[in-house]
Amino acid sequence: MNVKSELLSTLAEANGEFISGAALAEKLGVSRNAVWKAVKSLEAEGFSITSVTSKGYKLNHDNNILSENLISPYLNTRKIGKVLKVFGTVDSTNNIARELETEKSPHGTAVVADRQTAGRGRIGRKFESPSGTGLYVSILVRPHFDLSFAPMITAAAACAAAEAVETFCGNHVMIKWVNDLYMNGKKICGILTEASLGLEMRVLDCAVIGIGINVRSIKDCFDSELKKKATSIEDETGLVINRNRLCAELLNKLEVYLGMIEDRSFLIKYREREMLTGNIITANIGTEAIIGEALGIDDNANLIVRLPSGEIRELSSGEANLCRIKA
Ligand code: BTN
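Below is a short write-up of the structure. (Residues numbered from 1 in each chain as written. Predicted model: local features only at pLDDT ≥ 70, side-chain atom pairs only at ≥ 80, totals over all residues. Heavy atoms only, no water.)

## Details of the side chain of Glu 274
In step 1: Within the fold, Glu 274 resides in the loop between helix H10 (266-273) and strand S10 (280-285).
In step 2: Here Glu 274 occupies a buried position and makes no salt bridge, while the nearest side chain of opposite charge, Lys 176, is found at 7.7 Å.
In step 3: Among the polar contacts listed, one links the side chain of Glu 274 to the backbone nitrogen of Leu 276, at a separation of 2.9 Å.
In step 4: With near-sequence residues (within four places) excluded, Glu 274 lies in contact with Ile 175, Lys 176, Trp 177, Ile 297 and Leu 303. (Helix = DSSP H or I, 4+ residues; strand = E, 2+ residues; numbered from the N terminus. Buried < 20%, exposed > 50% of the residue type's maximum accessible area, 1.4 Å probe, protein only. Lys, Arg positive; Asp, Glu negative; His and termini not counted. Salt bridge = Lys/Arg side-chain N within 4 Å of Asp/Glu carboxyl O. Polar contact = N/O pair within 3.5 Å; in protein donor to acceptor, adjacent residues only side chain to side chain. Contact = heavy atoms within 4.5 Å.)

Quick look at the structure:
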C-alpha cells in the first residue's frame, strides 16, 4: 500500500476521531510533511478531511467517495470482498465481475462502482445508476452448490441487503418476491443474479450477484415515472448513509446468508420480510399473466399462489406485484 492508501485506511479505522500528524507519521513510517502532502492529495481527489492544528486529521462522515480503503477496514468476512475492486464509472458491475470470473478471480470477489452507464435490471430492464447516489456492487461466488439451490442465492442476498440497510436506519425493509427491497411501499434496491453452469450441468459453477441500492436522494436524478415506484434510503429516512460503510455491511451480511442456503435456514428471515404473502397479486410468468392469492414461500423460495379456480401454482421466477391487500 502506498502512503495515501494507508493514510486513508488509518483515518477510516479511526471512525471519525482525530489522529495527530505525529501518530500518523509514526504509523506510516514517513515524515509529518509526507502525511500533510498525502492529506492534500486526498482532498484534491474529493475526500473530506478536517485538519486542526492541535488535534491532527479526521475523515469526515459526509465523505461520499467510494474507496477500497474505506470499505476494507469494516469487513469481517473470510472470503466475500477480500478481493475488492472499486471503480468510478463502469458499464455494469455485473459485466466486470463476469470478466473477472473468466480471469479466474476467486470466490467472493466484489466489484463496486460509483456509477453505471448500462446498469442492468431483471427481464432486460435498465437499472438507473447515477453517480454519488447508489451502491452498485456485484459479487462473484463459486458455491459449487447442487443446481437446485441456485434460485435461492438471490433470495438469500435479498435478506442480506435488507439487514444491511436496517443496520443504518430504523426503517423496516420488506422483500417483494423474489428480489426487490421495499421501504414505505417503494423500491429501494434490486438484485440481478447471473449464473454459469458447470460442464456436467448439475452444479452451479459460479454466479454473479448484482445488488443496486438507492442510498442518497434520487429526487434530482430519476424521472417522475420512476419516482412513483422507486425511492432511496435518504428520501425515506432523511439519513445520509455512508456508502462505504453500507457496502462493507452488505458484504458481511452476504457471507452469513450465503452460508444459510444449503440448510435453508435463511428462509425463516425471508418469509418474515416477504410482502406479497397473504395478498392478492398479479404475476407475469413468461407470456402468461395470472392473478391469485399469494399463500407464501415454499422451501425452494418459490411463491405459492392460489388461482381463482383453486389451482395452486408454485412460481419459481417471473415478476409478481401487489394487486390488492386482502381484507
Ligand atoms: C432489478 O431491480 O431488476 C435488478 C437490478 C440490479 C441492479 C444491480 S446494480 C449492480 C449490478 N450491476 C448491474 O448492471 N445490475 C446489478
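There's more to say after this.
## Describing the pattern of salt bridges
In step 1: Inspection of every chain in the model, using the stated rule, returns 18 salt bridges.
In step 2: Ionic pairing is found between Lys 253 and Glu 249, a salt bridge with its closest N-O pair at 3.7 Å. Separated by four residues within a single helix, Lys 253 and Glu 249 lie in helix H9 (residues 243-258), roughly one turn from each other.
In step 3: A salt bridge links Arg 313 to Glu 288, with the nearest nitrogen and oxygen atoms 2.9 Å apart. Taken together, the residues Arg 313 in strand S13 (residues 312-315) and Glu 288 in strand S11 (residues 288-297) connect sequence positions 25 residues apart.
In step 4: Of the residues examined, Glu 288 reaches a relative accessible area of 34% and is grouped as partly exposed.
In step 5: Several salt bridges converge on common partners, so that one network encompasses Arg 98, Arg 120 and Glu 194.

## Quick look at the packing of aromatic side chains
In step 1: Taken as a whole, this structure holds one aromatic pair when the rule is applied.
In step 2: Summarising the aromatic geometry, the rings of Phe 127 and Tyr 136 are spaced 6.4 Å apart at their centres and angled 80 degrees between planes, so their arrangement reads as edge-to-face.
In step 3: Exposure remark for Tyr 136: the relative accessible area of 1% places this residue in the buried category.
In step 4: The ring of Tyr 74 has Arg 245 lying over it, and the distance from NZ or CZ to the ring centre is 3.9 Å. (Phe/Tyr/Trp six-rings, centres within 6.5 Å; stacked < 30°, edge-to-face > 60°. Lys NZ or Arg CZ within 6 Å of the ring centre and 35° of its normal.)

## Overview of the sheet that holds strand S4 (residues 110-116)
In step 1: As summarised here, the arrangement of the seven strands in space is S3-S4-S5-S9-S8-S7-S6, forming an open sheet in which the pairing is mixed. In the strand order of this sheet, the two ends are held by strand S3 (84-90) and strand S6 (174-176), each with one partner. Strand-to-strand twist of the sheet, defined as the mean angle between neighbouring strand axes without regard to direction, takes the value 20 degrees.
In step 2: Pairing between S4 and strand S5 (residues 134-141): four bridges, direction antiparallel. Pairing of Ala 110 across the sheet is with Ile 139, part of S5.
In step 3: Against the sheet, helix H6 (residues 150-168) contacts S6, strand S7 (180-183), strand S8 (186-197) and strand S9 (204-214), and its axis sits at roughly 30 degrees relative to S9.
In step 4: The strands touched by H9 within the sheet are S3, S4, S5 and S9, with S5 carrying the most contacts at an inclination of about 30 degrees. (Pairing = 2+ DSSP bridges. Axes fitted to C-alpha atoms, helices over the stretch in contact; angles between N-to-C directions.)

## Considerations on the layout of surface pockets
In step 1: Put simply, the largest pocket is a space of about 690 Å³.
In step 2: Lining of the largest pocket is provided by 36 residues; of these, Gly 121, Arg 125, Lys 126, Phe 127 and Lys 187 occupy positions nearest its centre.
In step 3: Elements that contribute at least two residues to the lining of the largest pocket include exactly helix H5 (93-102), S5, S7, S8, S9, helix H7 (224-229) and strand S14 (319-324).
In step 4: Sort the elements by how many residues they give to the lining of the largest pocket and S8 lands first, with six residues.
In step 5: When grouped by side-chain class, the residues that make up the lining of the largest pocket number twelve nonpolar, 13 polar and eleven charged.
In step 6: Here the second largest pocket defines a volume of roughly 300 Å³.
In step 7: In terms of lining residues, the second largest pocket is bounded by 16 residues, among which Ala 150, Pro 151, Thr 154, Thr 193 and Ser 317 are the most central.
In step 8: Looking at the lining of the second largest pocket, the elements that each hand over two or more residues are H6, S8 and S9.
In step 9: Classifying every residue of the lining of the second largest pocket gives nine nonpolar, five polar and two charged. (1 Å grid on protein atoms, 1.4 Å probe; cavity = no way out; pocket = protein on both sides within 12 Å on 5 of 7 lines; lining within 4 Å. Points joined across faces, edges and corners; volume = space filled by probe spheres on them. Nonpolar A, V, L, I, M, F, W, Y, C, P; charged D, E, K, R; others polar.)

## Thoughts on the site of the ligand
In step 1: Contacts to the ligand come from 19 residues, most closely from Ser 92, Gln 116, Arg 120, Arg 122 and Lys 187.
In step 2: Contact between the ligand and Thr 93: a nitrogen atom at 3.1 Å from a side-chain N or O atom of the residue.
In step 3: Protein burial of the ligand: of its 410 Å² of free accessible surface, 98% is covered by the chains.
In step 4: Its atoms largely coinciding with the cavity grid, the ligand occupies the largest pocket.
In step 5: Of all the elements in the fold, those that place two or more residues in the shell around the ligand are H5, S5, S8 and S9.
In step 6: Of all the elements, S8 adds the most residues to the shell around the ligand, at four residues.
In step 7: Residues belonging to the shell around the ligand are distributed by class as follows: five nonpolar, ten polar and four charged. (Near = heavy atom within 4 Å. Areas by Shrake-Rupley, 256 points an atom, 1.4 Å probe, with all protein chains shown as cover. Sits in = over half its atoms within 2 Å of the grid points.)

## Description of the pairing of S9
Regular strands place their side chains on alternate faces of the sheet.
In step 1: The buried fraction of S9 is high, at ten of eleven residues.
In step 2: In this structure, S5 lies alongside S9, joined through eight bridges in antiparallel fashion. In the strand pairing of S9, Ile 139 is matched with Ile 209.
In step 3: Judged from the nine bridges that link them, S8 and S9 form a sheet pairing that is antiparallel. Note on S9: the bridge partner recorded for Glu 194 is Val 208.

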